[in-house]
Amino acid sequence: MSFGDTRSLVTGDAQQLIRLRDEILATAPVHSVPVARLVVADSPRLAGEDPAHVRALAEVEGSLPPLVVHRGTMRVIDGIARLRAATGKGQSVVAVRYFDGTQQEAALLAVAMNITHGRPLTLEDRTAAALRIFVSHQHWSDRAVALLAGLSATKVAALRRDGAGAQGGRRIGRDGRARPVDAAAGRERARQLLEQNPSASLRQIAREAGISAATVADVRDRLRRGESAVPVRRAVVTADRQVTRRVVAAVPRRPPKTADELTRTVRALHRDPSLRQSEEGRSLLRMLSVCGVFARDRESIAAALPWHCRSQLAELLMDYAQVCQDFAGELNAEPGRAQLHAVGS
């Protein structure tokens, strides 16, 4: 199974790869392949396979899920531990599903395969995968890299700021479309071009400014009304986000809390009358209670999820995690404002 005539992942989107991963696991034909033909190389696991995990797989009665193998090189994309277990039991043939894309695509697929099933990649593994994606797909957006590597967009942005990020002024989003990294800069460039050449077409300005023709039309209309090329709200939001990032970066990282510790914190908040007396407060407490159940029972929840919706749920959870992180940054950035809002409501 391959990408066929769809766009290459060098310029395509991460969602395309996630869809392909799910399609391979669900529908790709299964072949019997001699173990001697398979190649183990370039695993996304920095420390290699866990011997205890391999032993546990070897003790499983019945057949294990098929391996995923790159047909052109016979490299194992997913299932190295299962292959080790099979050879340990003396098997000479294993079940395999083939992938027919490029070697670069196979490397990306190896990461995607190990994010949501089997023994998940460690944080170090996922971070290393993100750094490799920066090199091979330098124009992918933070969210596109985050979706594939199993990290938050905030974490990916921090890695990019540390010097591992994309070059140039445009990035490819999860939908495969190229967008300027700084939309405000694109609008300012369009303003300059329109003032220099008022008769230029929208498409010509769009190409030179690196923005869409629709955005150029909006800039032109704003200039005709005597307004700024960059909407005030966009400028304010950009400034707010910069403040939030500085505050979040200034907060020292703490070790993750256990499910029991989180539950105790939520129970303490439930006893706060100032939260219980408003609808917004009660809604927040209900949401936190649900999060507590998830933190406590996430392994059993994950085990019960059907394969076909796991990638969609993973993407949704990462998006919600970003919303929560932004909200937490806002609360840390402006505690006085939050207090005044509570008094005035």
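Residues numbered from 1 in each chain as written. Predicted model: local features only at pLDDT ≥ 70, side-chain atom pairs only at ≥ 80, totals over all residues. Heavy atoms only, no water.

**A word on the overall build of the protein**
Here is step 1: Along its length, the protein carries 16 helices and six strands.
Here is step 2: Going through the 345 residues of the protein one by one, you find that 34% of them count as buried.
Here is step 3: Pairs at least 24 residues apart make up 67% of the contacts formed inside the protein by residues separated by at least 6 positions. (Helix = DSSP H or I, 4+ residues; strand = E, 2+ residues; numbered from the N terminus. Buried < 20%, exposed > 50% of the residue type's maximum accessible area, 1.4 Å probe, protein only. Contact = heavy atoms within 4.5 Å.)

**Overview of the sheet that holds strand E2 (residues 67-70)**
Here is step 1: Across the sheet, four strands lie side by side as E1-E4-E2-E3; this open sheet has mixed pairing. In this open sheet, the two strands that pair with only one neighbour each are strand E1 (31-34) and strand E3 (75-78). Neighbouring strand axes in the sheet, compared pairwise and without regard to direction, differ in orientation by 55 degrees on average.
Here is step 2: Across three bridges, E2 lies against E3 in antiparallel orientation. The residue bridging histidine 70 from the neighbouring strand is arginine 75, located in E3.
Here is step 3: Packing of helix H4 (residues 103-113) onto the sheet brings it into contact with E2, E3 and strand E4 (93-99), and relative to E3 it is tilted by some 35 degrees. (Pairing = 2+ DSSP bridges. Axes fitted to C-alpha atoms, helices over the stretch in contact; angles between N-to-C directions.)

**Topic: unusual backbone geometry**
Trans peptide bonds make up most of the peptide bonds, and negative phi angles are found at most residues other than glycine.
Here is step 1: One non-glycine residue, methionine 74, adopts positive backbone phi at about 60 degrees.
Here is step 2: Residue placement: methionine 74 occurs in the loop between E2 and E3.

**Quick notes on helix H14 (residues 279-304)**
Here is step 1: Between its first and last C-alpha, H14 extends only 33 Å over 26 residues, short of the 38 Å set by a 1.5 Å rise per residue.
Here is step 2: Bending of H14 peaks at approximately 80 degrees at the position of aspartate 297.
Here is step 3: Listed as buried for H14 are Gly281, Leu285 and Gly292. (Expected span 1.5 Å × (residues − 1). Bend = angle between axes of the 7 residues up to and from the residue.)

**Quick word on the packing of helix H1 (residues 14-27) against H4**
Here is step 1: Running from N to C, H1 and H4 point in directions that differ by 70 degrees, and their axes come no closer than 10 Å. It follows that H1 is roughly perpendicular to H4 by the angle criterion. Contacts from Leu17, Ile18, Arg21, Ile24 and Leu25 in H1 reach Leu108, Leu109, Ala112 and Met113 in H4.
Here is step 2: Each residue belonging to the contact of H1 with H4 can be placed in one class, and the counts come to eight nonpolar, no polar and one charged. (Parallel < 35°, antiparallel > 145°, perpendicular 65-115°, else oblique. Nonpolar A, V, L, I, M, F, W, Y, C, P; charged D, E, K, R; others polar.)

**A look at the layout of surface pockets**
Here is step 1: As a volume, the second largest pocket reaches approximately 290 Å³.
Here is step 2: In terms of residues, the lining of the second largest pocket owes the most to one element, H4, which gives seven residues.
Here is step 3: Looking at side-chain class alone, the lining of the second largest pocket contains 10 nonpolar, seven polar and three charged residues. (1 Å grid on protein atoms, 1.4 Å probe; cavity = no way out; pocket = protein on both sides within 12 Å on 5 of 7 lines; lining within 4 Å. Points joined across faces, edges and corners; volume = space filled by probe spheres on them.)

**Digging into the side chain of histidine 70**
Here is step 1: By the secondary structure assignment, histidine 70 is in strand E2.
Here is step 2: Accessibility expressed as a relative area gives 4% for histidine 70, which makes it buried.
Here is step 3: Contact partners of histidine 70, with chain neighbours within four places excluded, come to Arg75, Ile77, Phe99, Gly101, Thr102, Gln103 and Ala106.

**Describing the pattern of salt bridges**
Here is step 1: What the rule picks out here adds up to 12 salt bridges.
Here is step 2: Among the ionic pairs, arginine 296 bridges to aspartate 297, the shortest N-O distance being 3.6 Å.
Here is step 3: Through salt bridges with shared partners, one network takes in Glu188, Arg191 and Glu195. (Salt bridge = Lys/Arg side-chain N within 4 Å of Asp/Glu carboxyl O.)

**Observations regarding the pairing of E2**
Here is step 1: The two faces of E2 match: Leu67 and Val69 on one face and Val68 and His70 on the other face are all buried.
Here is step 2: Linking two consecutive strands that pair antiparallel, namely E2 and E3, is a turn of four residues; a positive phi of about 60 degrees is found at methionine 74 within it.

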